[in-house]
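# Summary of the model geometry
Read off the chains here:
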Amino acid sequence: MGIAANLERIKHDIASSLLRSPDPGGKVTLVAVTKNKSVEEINEVLQKGHFILGENRVQELRDKYPLLPNEVEWHLIGHLQRNKVKYIVDKVKLIHSLENYDLAVEINKRMEPLRRPMKCLVQVNPAREETKFGLDVSQVIPFIKEVSQLPWLEIKGLMTIAPEVDDPEEVRPVFREMFELFQNIKNNVHLNNVEMLYLSMGMTSDYKVAIEEGSNMIRIGSGIFGPRN
Ligand SMILES: *Cc1c(COP(=O)(O)O)cnc(C)c1O
C-alpha cells in the first residue's frame, strides 16, 4: 500500500479505537515519524494535509528542516543529549523526551534568549527496561516539581515507549499505568508551567491498544511509510 492509503487507514483506525477509549469524544494527535525517510516520501504526507512530523535524531532533524516547508510542526521524539539542545530549540514545537534535570536546565537556558518557553513531555519508563530512557513512575512527580521552577520550559504531558512484544495486548497494563499516572498528575498536582495535555504513547505495533487505554498522541513511522530501510 502507498503512503497516502496508509495514512487514511491509520486515521480510520484511530477513530475506531477512540470509541473504546476513556474519552470517546476526544482527539488523538498523529505524529508521522520520518526517520530514515526521504523528502519525497515525506512530501506525500504533507500533500495529504498532514504537517506534524517527528524525528528521533537531532542530526536527521537538522538535515531535513531546511528541505521542508515552514508549515511543518516538528517534534523531537528520541533521546536528546544536552550538547545538542542548541541545534533544535528554534526548530521544534514539542520535545517528547525530557528525562533528566540537567537536560531541563539546558533547554531552559537555550530558550531564554528566544523569549518563549519550550513545550516538553516527560519520558517515563514504566516497564523499567534498562535499554530505554525515561524516569521510573515514582520519580515523575518529584521531577515535575523540580522542573516547574524553570521559567522557559513548560511540561505538557508524558511520553513512553512500550516494550517490544509480539502481541500488543501484553503491553496494555503498561499503557494503563501511564494513563493512571497522567490522570493522577492532572487531578492532584497543580504547578506553574505544568499542564497534563498530552499522553504520547503508541507506535505502529501498539497504537490501537494505547488509544484504548487513554493515549491522545501517537507516533507512527513504519505504519505510514513502510518498513525502515
Ligand atoms: C521510530 C520511533 C517511533 C515509530 O516507530 P514505528 O514502529 O515505526 O511506528 C515512535 N517513537 C519513537 C521514539 C521512535 O524512535
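Residues numbered from 1 in each chain as written. Predicted model: local features only at pLDDT ≥ 70, side-chain atom pairs only at ≥ 80, totals over all residues. Heavy atoms only, no water.

Counting its regular elements, the protein chain contains 9 helices and 8 strands. Counting only C-alpha atoms and orienting by the principal axes, one finds that the protein chain spans roughly 50 × 40 × 35 Å. Relative to its 229 residues, the protein chain shows a buried fraction of 50%. Looking at the protein chain alone, contacts between residues at least 24 apart form 60% of all its contacts between residues at least 6 apart. Approximately 11,000 Å² of the protein chain is accessible, and the part contributed by carbon and sulfur atoms is 47%. Charged side chains of the protein chain number 30 positive and 32 negative; the gap between the two group centres comes to 5 Å. (Helix = DSSP H or I, 4+ residues; strand = E, 2+ residues; numbered from the N terminus. Buried < 20%, exposed > 50% of the residue type's maximum accessible area, 1.4 Å probe, protein only. Contact = heavy atoms within 4.5 Å. Areas by Shrake-Rupley, 256 points an atom, 1.4 Å probe, with all protein chains shown as cover. Lys, Arg positive; Asp, Glu negative; His and termini not counted. Charge placed at Lys NZ, Arg CZ, Asp CG, Glu CD.)

To continue, consider the pattern of salt bridges. If you walk through the whole model with that rule in mind, you get 18 salt bridges. For Glu 154, the salt bridge is made with Lys 119, and the minimal N-O distance between the two is 3.9 Å. Of this pair, Glu 154 sits in strand β6 (residues 153-160) while Lys 119 sits in strand β5 (residues 118-124), placing them 35 residues apart in sequence. With a relative accessible area of 29%, Lys 119 lands in the partly exposed category. Note that Lys 156 and Glu 195 form a salt bridge whose closest N and O atoms lie 2.6 Å from each other. Taken together, the residues span a long stretch of sequence, with Lys 156 in strand β6 and Glu 195 in strand β7 (residues 194-200) at a distance of 39 residues. (Salt bridge = Lys/Arg side-chain N within 4 Å of Asp/Glu carboxyl O.)

Val 33, Lys 35, Asn 56, Ile 77, Ile 161, Met 203, Thr 204, Arg 219, Ile 220, Gly 221, Ser 222 and Arg 228 make up every residue found near the ligand. A distance of 2.8 Å separates an oxygen atom of the ligand from a polar backbone atom of Gly 221. Computed on the free molecule, the ligand has an accessible area of 390 Å², of which 91% lies beneath the protein chains in the complex. Among the residues making up the shell around the ligand, the classes are represented as 5 nonpolar, 4 polar and 3 charged. (Near = heavy atom within 4 Å. Polar contact = N/O pair within 3.5 Å; in protein donor to acceptor, adjacent residues only side chain to side chain. Nonpolar A, V, L, I, M, F, W, Y, C, P; charged D, E, K, R; others polar.)

This next bit is on the pairing of strand β2 (residues 52-55). The alternating pattern of β2 places Ile 52 and Gly 54 and Leu 53 and Glu 55 on opposite faces, both of which are buried. Bridge count for strand β1 (residues 29-33) against β2 is 2 bridges, and the pairing is parallel. Note on β2: the bridge partner recorded for Ala 32 is Leu 53. Handedness of the β1-helix α2 (residues 39-47)-β2 crossover: right-handed. Handedness of the crossover is the feature at issue here: the chain leaves β2, passes through helix α3 (residues 58-64), returns alongside strand β3 (residues 73-76), and the resulting connection is right-handed. (Pairing = 2+ DSSP bridges. Right-handed = clockwise from strand over helix to strand, strands pointing away.)

Time to look at the packing of aromatic side chains. Two aromatic rings are characterised by how far apart their centres lie and by the angle between their planes. With the rule as written, the count across this model stands at 0 aromatic pairs. The ring of Tyr 87 carries the charged tip of Arg 62 above its face, separated from the ring centre by 3.7 Å. In this structure, Lys 91 is placed above the aromatic ring of Tyr 65, and the distance from its NZ or CZ to the ring centre is 5.5 Å. (Phe/Tyr/Trp six-rings, centres within 6.5 Å; stacked < 30°, edge-to-face > 60°. Lys NZ or Arg CZ within 6 Å of the ring centre and 35° of its normal.)

Turning to helix α7 (residues 172-188), a few remarks are in order. Its 17 residues give α7 an end-to-end C-alpha distance of 24 Å, which sits within 8% of 24 Å, the value for a rise of 1.5 Å per residue. Against β5, α6 (140-147), β6, β7 and α8 (207-212) lie the buried residues of α7. (Expected span 1.5 Å × (residues − 1).)

Right, let's talk about the packing of helix α1 (residues 3-19) against α2 for a bit. Taken N-terminus to C-terminus, the directions of α1 and α2 make an angle of 45°; their axes are 9 Å apart at the nearest point. In this view, α1 runs oblique relative to α2, as classed from their interaxial angle. Crossing handedness for the pair α1 and α2: right-handed. On α2, the residues touching Ile 3, Ala 4 and Leu 7 of α1 are Glu 41, Glu 44 and Val 45. (Axes fitted to C-alpha atoms, helices over the stretch in contact; angles between N-to-C directions. Parallel < 35°, antiparallel > 145°, perpendicular 65-115°, else oblique. Left-handed = near helix turned anticlockwise from the far one by under 90°.)

Before going further, it helps to examine the packing of α6 against α7. Contact pair α6 / α7: the axes reach a minimum separation of 11 Å and the direction vectors enclose 45°. Viewed along their axes, α6 and α7 adopt a mutual orientation that is oblique. Of the two elements, α6 crosses α7, and the hand of that crossing is right-handed. Facing α6, whose interface residues are Val 140, Ile 141 and Ile 144, α7 presents Leu 181, Asn 184 and Ile 185.

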